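# Geometric and topological summary
Listed here are the chains, written in short residue letters.
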Number of protein chains: 2
Amino acid sequence: MTGRDGGADIGPIGEYSPVVILVRPQLAENVGTTARAMANGGLFHLRLVAPRDGWPQERAWFASSGAHRILDNATVHETVADAVADLHHVFATCPRPRHIVKTVMTARGAAAELRAAERRNLRTGLLFGPERAGLDNDDMAQADALIRYPLNPDFMSLNLAQAVMVMAYEWWMAQDGTPPKTLMTNETHIATKGELENFMSHLIRDLDECGFLRNEQKRPGMVRNLRHFFQRGEVTEQELRTLHGVVTELTRGRKAKQASNP
Amino acid sequence: MTGRDGGADIGPIGEYSPVVILVRPQLAENVGTTARAMANGGLFHLRLVAPRDGWPQERAWFASSGAHRILDNATVHETVADAVADLHHVFATCPRPRHIVKTVMTARGAAAELRAAERRNLRTGLLFGPERAGLDNDDMAQADALIRYPLNPDFMSLNLAQAVMVMAYEWWMAQDGTPPKTLMTNETHIATKGELENFMSHLIRDLDECGFLRNEQKRPGMVRNLRHFFQRGEVTEQELRTLHGVVTELTRGRKAKQASNP
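A few words on the side chain of A:S64. One can find A:S64 in the loop between helix 2 (58–63) and helix 3 (68–72). When neighbours within four sequence positions are excluded, A:S64 is seen to be in contact with A:G32, A:A35, A:R36, A:L71 and B:F155.

On the basis of which strands lie adjacent, the open sheet formed by eight strands has the order 3(A)-2(A)-1(A)-6(A)-4(A)-7(A)-5(A)-8(B) and mixed pairing. Across the chains shown, the open sheet's two edge strands, defined by having one partner strand only, are strand 3 (75–77) of chain A together with strand 8 (181–184) of chain B. Across the sheet, the mean angle separating the axes of adjacent strands is 30° when strand polarity is ignored. Two strands pair when backbone bridges link them, and strand 5 (residues 102–105) of chain A and strand 8 of chain B are joined in this way by four bridges, in the antiparallel orientation. Directly across from A:K102, in strand 8 of chain B, lies its bridge partner B:M184.

Glancing now at the relation of the copies chain B and chain A. Mapping chain B onto chain A is achieved by rotating through 180° and translating by 0.0 Å along the same axis, at an RMSD of 0.1 Å. In the structure described here, the two chain copies are related by an operation that fits a two-fold rotation axis. Here 100% of the contact residues of chain B are again contact residues in chain A; the copies associate through an equivalent surface.

Moving on to the pairing of strand 2 (residues 46–49) of chain B. Residues and elements named next belong to chain B. Of the two faces of strand 2, the one lined by L46 and L48 and the one lined by R47 and V49 are each fully buried. Read from strand 1 (residues 19–23) through helix 1 (residues 28–40) to strand 2, the crossover connection turns out right-handed. Bridging between strand 2 and strand 3 (residues 75–77) involves three bridges; their strand directions are parallel. The residue bridging R47 from the neighbouring strand is T75, located in strand 3.

Let's shift gears to the nonpolar core. A:L46, A:F128, A:M167, B:L46, B:F128 and B:M167 are the most contacted members of the largest nonpolar core, which has 86 residues in total. Not counting the four nearest positions on each side in its chain, A:L46 is found in contact with A:V20, A:L22, A:V31, A:T34, A:M38, A:I70, A:L71, A:N73, A:A74 and A:T75.

Counted under the stated rule, the structure contains seven aromatic pairs over all chains. Centroid distance A:Y169 to B:Y169: 6.4 Å. Interplanar angle 90°. Geometry classified as edge-to-face. Remark: B:Y169 occurs in helix 7 (residues 160–173) and A:Y169 occurs in helix 7 (residues 160–173); the pair is interchain, linking two chains. What makes B:Y169 buried here is its relative accessible area of 0%. When the centroid spacing of 5.2 Å and the interplanar angle of 85° are considered together, the rings of B:F229 and B:F230 count as edge-to-face. Grouping aromatic residues by their ring pairs yields a cluster made of A:F199, A:F229 and A:F230. In this arrangement the basic side chain of A:R115 is found over the ring face of A:W171, its NZ or CZ atom lying 3.4 Å from the centre.

Here we take up helix 7 of chain B. Residues and elements named next belong to chain B. The end-to-end C-alpha distance of helix 7 is 20 Å, a good match for the 20 Å that 14 residues give at a rise of 1.5 Å each. In terms of residue burial, helix 7 counts as a mostly covered element, since 14 of its 14 residues are buried. For helix 7, the N-terminal cap is N159; the gap from its side-chain oxygen to the backbone nitrogen of A161 is 2.9 Å.

Taken together, the contacts link 64 residues of chain B with 64 residues of chain A. Between chain B and chain A lies a buried interface of about 5000 Å² when both sides are counted; carbon and sulfur atoms form 56% of it. Along the contact surface separating chain B from chain A lie four salt bridges. Summed over the shared surface of chain B and chain A, the result is 24 residue pairs in polar contact (both at pLDDT 80 or more). Residue assignment for the side of chain B that touches chain A shows that the elements contributing at least two residues are helix 1, strand 5 (101–105), helix 5 (107–119), helix 7 and strand 8 of chain B. If you tally residues by element for the side of chain B that touches chain A, the top one is helix 7 of chain B, at eight residues.

Counted according to the given criterion, the structure contains 31 salt bridges over all chains. A salt bridge links B:D53 to B:R59; the nearest nitrogen and oxygen atoms lie 3.9 Å apart. Ionic pairing is found between B:R123 and B:D86, a salt bridge with its closest N-O pair at 4.0 Å. Of the two residues, B:R123 sits in the loop between helix 5 and strand 6 (124–128) while B:D86 sits in the loop between helix 4 (80–84) and strand 4 (89–93), which places them 37 residues apart along the sequence. For B:R123, a relative accessible area of 34% translates into the label partly exposed. What you see here is one network of salt bridges that share partners, running through A:E29, A:R52, A:D53 and A:R59.

Rules used throughout
Residues numbered from 1 in each chain as written. Chains lettered and ligands numbered in written order. Predicted model: local features only at pLDDT ≥ 70, side-chain atom pairs only at ≥ 80, totals over all residues. Heavy atoms only, no water. Helix = DSSP H or I, 4+ residues; strand = E, 2+ residues; numbered from the N terminus. Contact = heavy atoms within 4.5 Å. Pairing = 2+ DSSP bridges. Axes fitted to C-alpha atoms, helices over the stretch in contact; angles between N-to-C directions. Least-squares fit on C-alpha atoms with pLDDT ≥ 70 in both. Buried < 20%, exposed > 50% of the residue type's maximum accessible area, 1.4 Å probe, protein only. Right-handed = clockwise from strand over helix to strand, strands pointing away. Core = buried A, V, L, I, M, F, W, Y, C linked by side-chain atoms within 4.5 Å. Phe/Tyr/Trp six-rings, centres within 6.5 Å; stacked < 30°, edge-to-face > 60°. Lys NZ or Arg CZ within 6 Å of the ring centre and 35° of its normal. Expected span 1.5 Å × (residues − 1). Polar contact = N/O pair within 3.5 Å; in protein donor to acceptor, adjacent residues only side chain to side chain. Buried area = accessible area lost by both parts, 1.4 Å probe. Salt bridge = Lys/Arg side-chain N within 4 Å of Asp/Glu carboxyl O.

Given below as structure tokens:
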């Protein structure tokens, strides 16, 4: 079995999702890791302009972690003009644009534009330059706009597949509705305030019994602090059952100890 | 000269920027590419928990594309508990959390929390699991919350350095103010409406002369369409000078031709 057999499912293929165009890529491994990053972000269409070592290259399939369908369907083109001929909008990634008058977008801004174009059934493309030199001025003149990632200006060395990853990630995020923060509960439910109160009563009753709350002046504040602690985040029914058990068993342990040491 | 000499400047080091903690990393190359991704996003602090092949490893420095300062300052720890002991908040990256009741955040949501903690001078950490297995349940129990990237659920194979890249990118973006879309003009200025009108007059005068606008009924609509075209995006003073030249030279060429072919 070679690296080109099989491969993973990569999910549905958006007909109008952006075409990733690698211009004069040098290392076949980077074409493979690019395909992997594309699969991560739900991109499918890959085109190669004049790959240095020719195409296909077995090493790309090995480096793709199963994103074989993307590589199997990749097409090779002699020029950027040929690779973009059937596209409506083309954006060029460019870390250090100079002497150019052109619209510049962030990756996030570009992702919004690409999604808007997708909704209009327009075919879009993203140009990525060769590993060392990046896109040249003639390549960039083929693009409607440039994409420049806001990243550390003091360390600009961005791996090709990492550059594709950031864009693929923003493409995915531009349609994602995951809330930024949620409590994940797979098999149990969030406790109601009544269930929480039921536990608090259990706890306070046992703390009263063992004498922890014997200082009448401090008691209200101590109870309130405990309440604040157990209200800090959402608590699940399962966690409350465990907490009931903790309190019961600690109490029982104490009583057993008292019984054996009268 | 070995890979460990020299290295690139990576810019200012945020004292309260999150610590990246690689738990039981297997390949030294991945530690190096992780350092490179950290530098891209302005992260500096790296800790390794029980790296499989020991530490230091020359290959990490070679793979880091110059992010040597991060590797030079990385510390090694026997356990996750030891690696997080001085931190205030710890988030664990976890692509497929199961049977866990915990807060789950997107990378973007987590970046906002990390920036908020930074403003409070709290030390934060990000746990990343080993290449194949990811973090185990005990690792995750050390964390305040989990981070799950919204990415293609049909292709979950995410390279370790790519996972770090997404988080480092969101960390950088959480404080970045770059507008999503702007016209970049390095050495020239956007033309005023008056300068644009000056060019339009030049163009229309020459088009009248050559007879292109001879149909009196269609003339207003044609002029309006030309106006719409030249108003589509921002135009620079330099581009207007070029356009003036284009019109002048086309007119002169026509006149010269008329003169030679009377």
